[in-house]
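Structural overview for review
Spelled out from the first residue to the last, the chains are:
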Amino acid sequence: MNRRTLLGAAAALPFATPALAQADFPSRPLNMVVAFPPGGQADLAARPTAAAMEKILGQAVVVQNRGGAAGAIGNAFVARSPADGYTLLMALSSLAVIPEAEKLFGRTPPYTVDQFAPIALVNADPTMLAVPASAPWQTMEEFIAAAKARPGDIPYGSSGTYGTLHVAMEMLSAAAGFRALHVPFSGAGPAITALLGGQVQALASAPGTLTQHVRSGRVRVLGCWGKDRVAAFPDVPTFMEKGFRDVEFYIWAGLFAPAATPAPVMTKLRDAVRQAVRDPALVNAFTAAGAPVAYLDAPEFAKFFEEDSARLLRAVARIGKVE
């Protein structure tokens with residue numbers, strides 16, 4: 001993690017001026033890459049954001065799902081893309097985790113975080129522990145007790161090894177003293193499908209991807225990884241409330257560009273997102289999904305990213321090498 005690179009790149013970018021607003025950018029459609037299949041938090045954030053930005057920029061903003069390797073494939077694609085503002089990344093917190101996980105195996109990371117420049121954070125939610133409605137556990141205490149009684153037996157899904165959902169569950173299992181069976185998928189969307197189909201019995205996931213399934217009665221939420229309870233699930237306690245003080249994890253979605261993107265282009269993009277998060281259609285889409293807007297401009301987002309990443313990398317170090 002290079003704090004100076006992130007903060008320096010972000011702080012050097014002023015808001016748009018009339019002169020910059022007359023620049024040629026964008027003169028063609030933009031691509032917004034989501035490093036996961038459809039249905040996950042990044043995808044749910046990207047599509048309303050892209051639609052709102054189109055109105056502001058006057059060009060199409062096309063969402064591309066480039067899933068695989070817990071997000072590494074799509075992240076690396078954007079890191080290698082031309083730094084011209086036409087290829088963006090709607091990333092999750094796993095952006096910082098993947099390079100560190102690769103180092104555990106002595107492998108060269110597919111990218112490094114200093115290859116990205118932050119544009120804006122668009123939402124951030126505590127992770128929620130979900131189980132099928134048919135599961136026997138009504139509370140987090142019952143789930144933890146069952147997992148302790150059946151070490152390595154209860155299967156839980158994730159968006160991929162060392163992805164956000166894997167790290168969150170391993171953080172909980174380490175604190176609570178149980179071991180469950182990790183079943184990685186190519187993204188949160190497929191993991192939720194597996195939860196609904198009974199292939200896995202637990203999942204750490206963002207509120208926005210769970211809300212519709214809780215409302216339909218197919219999923220039950222038992223716990224929350226945040227400091228505070230989630231407004232959409234006011235009756236669901238946090239793990240911190242129950243005495244697990246180190247169990248804190250947030251799934252956020254934020255927009256990045258390749259690090260060498262010119263300052264005038266970054267300014268245009270930052271200004272577009274700042275306006276986009278006020279678009280009623282975006283606000284309604286985020287709110288309906290149970291993941292309201294949580295906007296931070298580039299300098300504040302860079303600081304948030306650095307602090308959140310430090311917490312996640314400590315968790316990865318505790319997990320260690322996973323074959």
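Everything that follows concerns the structure shown earlier in this document.
Think of each chain on its own: its residues are numbered from 1, step by step along the sequence as written. With the structure being a predicted model, the display of local features is reserved for residues of pLDDT at least 70 and the display and counting of side-chain atom pairs for 80 or more, all residues being used for whole-chain, interface and lining totals. Note that the side-chain values use all heavy atoms of the structure and ignore hydrogens as well as water.

1. Considerations on helix α6 (residues 140–149)
- Type-normalised accessible area, obtained with a 1.4 Å probe on protein chains alone, sets the label of each residue: buried when under 20%, exposed when over 50%, and partly exposed for intermediate values. The helix and strand labels rest on DSSP assignments: H or I over at least four residues marks a helix, E over at least two residues marks a strand, and numbering proceeds from the N terminus. Of all the positions in α6, only Met140, Phe143, Ile144, Ala146 and Ala147 are classed as buried. Down the axis of α6, the buried set is contained in an arc of 160°. They therefore lie on one face.
- Tucked inside the fold, the buried residues of α6 contact β5 (128–132), α7 (164–176), β8 (202–205) and β9 (219–224). Throughout, the arc means that of the directions going from the helix axis to the C-beta atoms. Any two residues having at least one pair of non-hydrogen atoms within 4.5 Å are treated as being in contact.

2. Details of empty space enclosed by the protein
- Using a 1 Å grid laid over the protein atoms alone, points where a 1.4 Å probe fits but cannot get out form a cavity; open sets with protein on both sides within 12 Å along at least 5 of 7 lines form a pocket; any residue with an atom within 4 Å of a point counts as lining. Grid points are joined across faces, edges and corners, and a volume is the space filled by probe spheres set on the points. Within this structure, the stated rule accounts for one cavity of 30 Å³ or more.
- As a volume, the largest cavity reaches approximately 80 Å³.
- Taken together, 15 residues form the lining of the largest cavity, with Gly40, Gln41, Leu92, Thr164 and Ala188 sitting closest to its centre.
- Elements with a minimum of two residues in the lining of the largest cavity: α3 (41–57) and α7.
- The leading source of residues in the lining of the largest cavity is α3, at three residues.
- Residues are grouped as follows: nonpolar covers Ala, Val, Leu, Ile, Met, Phe, Trp, Tyr, Cys and Pro; charged covers Asp, Glu, Lys and Arg; every other residue, Gly included, is treated as polar. Residues of the lining of the largest cavity, tallied by class, amount to eight nonpolar, six polar and one charged.

3. So, the pattern of salt bridges
- Note on definitions: salt bridges are taken to be side-chain nitrogens of Lys or Arg within 4 Å of carboxyl oxygens of Asp or Glu. Throughout the structure, instances matching the rule amount to 12 salt bridges.
- Across the pair Arg107 and Glu102 runs a salt bridge, and its minimum N-O distance is 2.9 Å.
- Residue Arg107 is classed as partly exposed on the basis of its relative accessible area, which comes to 42%.
- Accessibility expressed as a relative area gives 19% for Glu102, which makes it buried.

4. Digging into the environment of Val293
- Relative to the elements of secondary structure, Val293 occurs in the loop between α11 (280–288) and β11 (296–297).
- Given the relative accessible area of 30%, Val293 is considered partly exposed.
- Note: C-alpha distance between Val293 and Phe185 (108 residues apart in sequence) is 27 Å.
- Excluding residues that lie within four positions of it along the chain, Val293 makes contacts with Val122, Val277, Leu282, Val283 and Phe286.

5. Let's talk about the environment of Thr287
- Within the secondary structure layout, Thr287 lies in helix α11.
- Judged by relative accessible area, Thr287 falls into the partly exposed class, the value being 47%.
- When the C-alpha atoms of Thr287 and Ala232 are compared, they prove to be 9.3 Å apart, with 55 residues separating the residues in sequence.
- A 3.5 Å cut-off defines polar contacts: any pair of N or O atoms within that distance qualifies, except that in protein one atom must be a possible hydrogen donor and the other a possible acceptor, and neighbouring residues in sequence count only when both atoms are side-chain atoms. Within the local environment of Thr287, its side chain forms a polar contact with the backbone oxygen of Val283, the two atoms lying 2.8 Å apart.

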